[in-house]
Number of protein chains: 2
Amino acid sequence: MTTTAETTQADVDRIVGTAAAAAPAWGALTPAARAEALGAVADALDAAGPELVGLAAEETHLPEARLKGELFRTTFQLRLFGEVLTEGSYLDARIDHADADWPMGARPDLRRVNEPLGPVVVFAASNFPFAFSVAGGDTASALAAGCPVILKAHPGHPRLSARTGEIVVEALRGAGAPDGVFAVVFGQDAGTAALEHPAVRAGAFTGSIGGGRALFDIASARPEPIPFYGEMGSVNPTFVTPAAAAARPDEIVTGFVGSFTMGVGQFCTKPGLLFVPAAAGLADRLAAASLPAAAPMLNDRLHGGYVERLAELRDHAAVRVLAEGADPAGSPTSPTVLATTAEQFRGAVDELAAECFGPTALVIEYDDAAELPALAELLEGQLTATVQGSEDDDVADLVDALAGKAGRVLWNGWPTGVSVTHAQQHGGPYPATTAPGTTSVGTAAISRFLRPVAYQDMPERFLPAALRENNPLGVPRRVDGVLEV
Amino acid sequence: MTTTAETTQADVDRIVGTAAAAAPAWGALTPAARAEALGAVADALDAAGPELVGLAAEETHLPEARLKGELFRTTFQLRLFGEVLTEGSYLDARIDHADADWPMGARPDLRRVNEPLGPVVVFAASNFPFAFSVAGGDTASALAAGCPVILKAHPGHPRLSARTGEIVVEALRGAGAPDGVFAVVFGQDAGTAALEHPAVRAGAFTGSIGGGRALFDIASARPEPIPFYGEMGSVNPTFVTPAAAAARPDEIVTGFVGSFTMGVGQFCTKPGLLFVPAAAGLADRLAAASLPAAAPMLNDRLHGGYVERLAELRDHAAVRVLAEGADPAGSPTSPTVLATTAEQFRGAVDELAAECFGPTALVIEYDDAAELPALAELLEGQLTATVQGSEDDDVADLVDALAGKAGRVLWNGWPTGVSVTHAQQHGGPYPATTAPGTTSVGTAAISRFLRPVAYQDMPERFLPAALRENNPLGVPRRVDGVLEV
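Computed from a prediction, not measured in an experiment: that's the story for all the values here.

Parameters and conventions
Residues numbered from 1 in each chain as written. Chains lettered and ligands numbered in written order. Predicted model: local features only at pLDDT ≥ 70, side-chain atom pairs only at ≥ 80, totals over all residues. Heavy atoms only, no water. Helix = DSSP H or I, 4+ residues; strand = E, 2+ residues; numbered from the N terminus. Rg over C-alpha atoms; globule rule 2.2 N^0.38 Å. Buried < 20%, exposed > 50% of the residue type's maximum accessible area, 1.4 Å probe, protein only. Areas by Shrake-Rupley, 256 points an atom, 1.4 Å probe, with all protein chains shown as cover. Expected span 1.5 Å × (residues − 1). Domains from an automatic or database assignment. Contact = heavy atoms within 4.5 Å. Buried area = accessible area lost by both parts, 1.4 Å probe. Nonpolar A, V, L, I, M, F, W, Y, C, P; charged D, E, K, R; others polar. Least-squares fit on C-alpha atoms with pLDDT ≥ 70 in both. Salt bridge = Lys/Arg side-chain N within 4 Å of Asp/Glu carboxyl O. Pairing = 2+ DSSP bridges. Axes fitted to C-alpha atoms, helices over the stretch in contact; angles between N-to-C directions. Parallel < 35°, antiparallel > 145°, perpendicular 65-115°, else oblique. Left-handed = near helix turned anticlockwise from the far one by under 90°. Polar contact = N/O pair within 3.5 Å; in protein donor to acceptor, adjacent residues only side chain to side chain.

A. Main features of the overall build of chain A. From N to C terminus, chain A includes 16 helices and 17 strands. On C-alpha atoms alone, chain A measures out to a radius of gyration of 24 Å, which is about the 23 Å that the 2.2 N^0.38 rule sets for 485 residues. Counting only C-alpha atoms and orienting by the principal axes, one finds that chain A spans roughly 70 × 65 × 40 Å. Buried positions account for 63% of the 485 residues belonging to chain A. Counting only carbon and sulfur atoms, one obtains 54% of the accessible surface of chain A, whose full area is about 16600 Å².

Take a look at the structure:
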């Protein structure tokens, strides 16, 4: 029987010690061998799909179709990182041959490549029991980078976490990975102890601002501080131009309702703020829109937080209720649409623009589209920001303002739904994340777990394969300043 | 007359405000236009060379030839970042076209590019009054990235800092840069106030572990934490194999003495630890070696710190004095060589392996070369680590251990002298730096001041130039997963 009991401090020490011992061998595997191991994990998860989806459904209240899709996303992601490994750009290999005529003075032979950071602690999320949990994006990218992973399970789905962990461990072992390259720990104290362990070299997290910040502070206050990649809160503002409101009012109302209520509003990319022209009557349409039925949230703690935050918003003097479901105060949870004006919003940004995790959004009616860039400037860092516009809109200033605030800027789309691709960016300035230069979704996520090492005048036999003269791995390299593919 | 008076809080607010206002325009310049502005700064510094070198010599006690070389390095570096800008790989531009058949589900059009972080505070170093100071590598890479720079002058060379700052400001203005894109502030309080200012988006620092950690803590404890790139301490261990000691004893002794006494031992890459085989007699040769004459350090504060730290080492029960100059306790400062054994070193690593900034090094005699990887594992993070070996040495384990500890691993060289190239890596795990994934020297230094932004289904007219379909900047891009040069 799989245990989900809290991991003791002694067990955390043992697990991190084993991970640290496994790190050199895991990092020294060829990228192709690590890709194969990730593929074996994906295959094993796919094979266990019915069992895992069943466990997830029991523990999270999420519908089966959604869970099946999320498991598919998870195994796709593991295989995609395998492709990243074999392609090799992630190594950022650079060779500068010795050059007596280098303008600033003769230079030695210098060769630089990305190497794994070392053991990483990953804190799993509640809202994606597969894709941002045990075998999710943080785990996949850290393992791909060559780093062992200590996975702190989310208490919202402990049995699923334990079982997924068993499958991952077994698949890695079968693929020849060293023992200890992956382990699951349970309990907040165990997560903190792992993050504080001197052998751990980075942390990654998906969850609330409060939780992420507390862990970031622990990581930063260590005797040896370590990078901490927290993906946290976002209200994902959407700006509707007057032309778009006039041309596509129904489409915008339908799309917005669908996006902010998707997954019972429990996505970090839920559009929580909708800026609409006051004159266009979108608020009236929203008031009359048909909202989806009430549905249970992931767990009681989240539901309690939602009810509390929603009450704060509803009770705010600047806010009126535009539409609400039949059962606004109880559980399960009904979608709610609130409204205010741009003028009132400006006077209470801190209170009104804070995230409300659940199926609620705030509509802000503005008078003049020229205000929009300044309204955008009032907001904190965001994962996403969206413009609903029309072909003739000149909103370059708004797009620029949003690019300064968010990791992803959308045009005529909705931010929920984060495709896993090479050009994806799921990140943004604080408090969207604690590391604005990074992404937690997409192939670039691997960079978080790497550090460059340069070798000076090093004999071939001691060089990492990617830096040997004849390029045995066939990876893209920058040679004497020129990128060679 | 140029002022070097402490900058008031009100002036810091004004300067940061102006920098933040300048950020969009500076970031929106084409890379080629920013390259031209950096070139104009380099030209103006070159033209002012005699005046600047004269000021530097007065304030730092460094010889003229060294200062001229350092100024050349500085202007070379500015121009090299210009080449980085026009080449364009730093943008990491990625385009994933919309794809209905993307395996995890239809994907939208996603395009991702690196954009400037925003205003950066740079804390200048004492020991490189040009190359790690006002117009040094941090400034050059931040300006290249499109970030305004608030430069906190080092108190060791205030007049030089003020004058260099004037020249930079004037050259940038002449090149069409917006006002406020660069400014110099004076005084520790001003530096702290700038780092705490909400409009500042990153910090960079070169100096002591104590100073860097204090600033890192401030940056991390802000309501909105920001990345802080501290390049701090390192003892740059060098390991001499028995075969090398037997084959090249004089060359090793001469090279070591030259490297640890270079610039009066005031380089962050000074080799502070030399591991030698006890049986080879290198200690005796070092005891008899001719050490350079005593020379003044950069300033009284550094000299005081050196005398204090040297006394601690000399008084340590495990340490004996191998060689010393004529005037070990007074000023100017004489080179000193200390010695201990591997066994004693293991018992007192914290005390013996801490940096001593100045012309002192500790020789550690070992009995068995098989101990070397384990000795390397005892050390903290390093900027560099070196092996002095011979053709037949099998030291793969030692090289691997050192790659896990240091940003740059050298073979048969000496770590002082850090060439500015594409493959250079000047960084390393804490306490060498506060950001192990980054470098402060070489063209990759620009990455510290960038953050990716993805655009989803964005019309061409709102896209950054690097992401437009016809690639008007002609930069390397990853298109649908394939790197195109």
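B. Up close: helix 4 (residues 64-87) of chain B. The terminal C-alpha atoms of helix 4 of chain B lie 35 Å apart, and with 24 residues this matches the ideal 34 Å at 1.5 Å per residue to within 8%. Downstream of helix 4 of chain B by a residue or two, Gly88 of chain B has a phi angle that is positive, lying close to 95 degrees.

C. The arrangement of the domain arrangement of chain A in detail. All names here are of chain A. Entries for chain A in the domain assignment read domain 1 (9-232 + 436-484) and domain 2 (238-411). Every contact between the two is made by 12 residues of domain 1 and, on the other side, 11 residues of domain 2. Together, the buried faces of domain 1 and domain 2 total about 890 Å²; carbon and sulfur atoms form 59% of this surface. It is His61, Asn127 and Glu231 in domain 1 that bury the most area against domain 2; as a group they hold 42% of the surface buried on that side. A class-by-class count of the residues in the side of domain 1 that touches domain 2 yields three nonpolar, six polar and three charged.

D. Main features of the relation of the copies chain B and chain A. Take chain B, turn it by 180 degrees, move it 0.0 Å along the axis, and it overlays chain A with an RMSD of 0.0 Å. What we have between these two chains is a two-fold relation. With an isologous cut-off of 70% or more, the 100% of interface residues of chain B that recur at the interface of chain A puts this contact in the isologous class.

E. Representation of the pattern of salt bridges within the structure. Here the structure, examined in full by the defined rule, presents 50 salt bridges over all chains. For Glu58 of chain B, the salt bridge goes to Arg159 of chain B, with nearest N and O atoms at 2.8 Å. Residue Glu58 of chain B is located in helix 3 (residues 49-60), and its partner Arg159 of chain B is located in helix 6 (residues 158-174); the two are separated by 101 residues in the primary sequence. Each of Asp43, Asp46 and Arg79 of chain A takes part in one network of salt bridges that share partners.

F. Expanded view of the sheet that holds strand 12 (residues 360-366) of chain A. Spatially, 12 strands are ordered 10(A)-11(A)-12(A)-9(A)-8(A)-13(A)-14(A)-15(B)-2(B)-1(B)-16(B)-17(B) in an open sheet, and the strand pairing comes out mixed. Here the strands that pair on one side only, and so sit at the sheet edges, are strand 10 (320-324) of chain A together with strand 17 (482-484) of chain B. Averaged over all adjacent pairs, the angle separating strand axes in this sheet is 20 degrees, with direction ignored. With five bridges joining them, strand 9 (residues 273-277) of chain A and strand 12 of chain A adopt parallel strand pairing. Residue pairing across strands places Leu274 of chain A opposite Val363 of chain A, the latter belonging to strand 12 of chain A.

G. Region of interest: the packing of helix 2 (residues 31-47) of chain B against helix 6 of chain B. Residue and element names in this part refer to chain B. Between helix 2 and helix 6, whose axes approach to 8 Å, the crossing angle comes to 140 degrees. Considering the angle they form, helix 2 stands oblique to helix 6. Considering how the two elements wind past one another, helix 2 and helix 6 form a crossing that is right-handed. Along the contact surface, helix 2 presents Ala37, Ala40, Val41, Ala44 and Leu45, while helix 6 presents Thr164, Ile167, Val168, Ala171 and Leu172. Among the residues making up the contact of helix 2 with helix 6, the classes are represented as nine nonpolar, one polar and no charged.

H. Highlighting the interface of chain B and chain A. Chain B puts 80 residues into the contact, and the matching count from chain A is 80 residues. With both chains or domains summed, chain B and chain A bury close to 6200 Å², and 60% of this area falls on carbon and sulfur atoms. Our enumeration of links across chain B and chain A arrives at two salt bridges. Residue Glu87 of chain B is joined to Arg478 of chain A by a salt bridge in which the shortest nitrogen-to-oxygen separation is 3.2 Å. At the junction of chain B with chain A, the criterion picks out 44 residue pairs in polar contact (both at pLDDT 80 or more).

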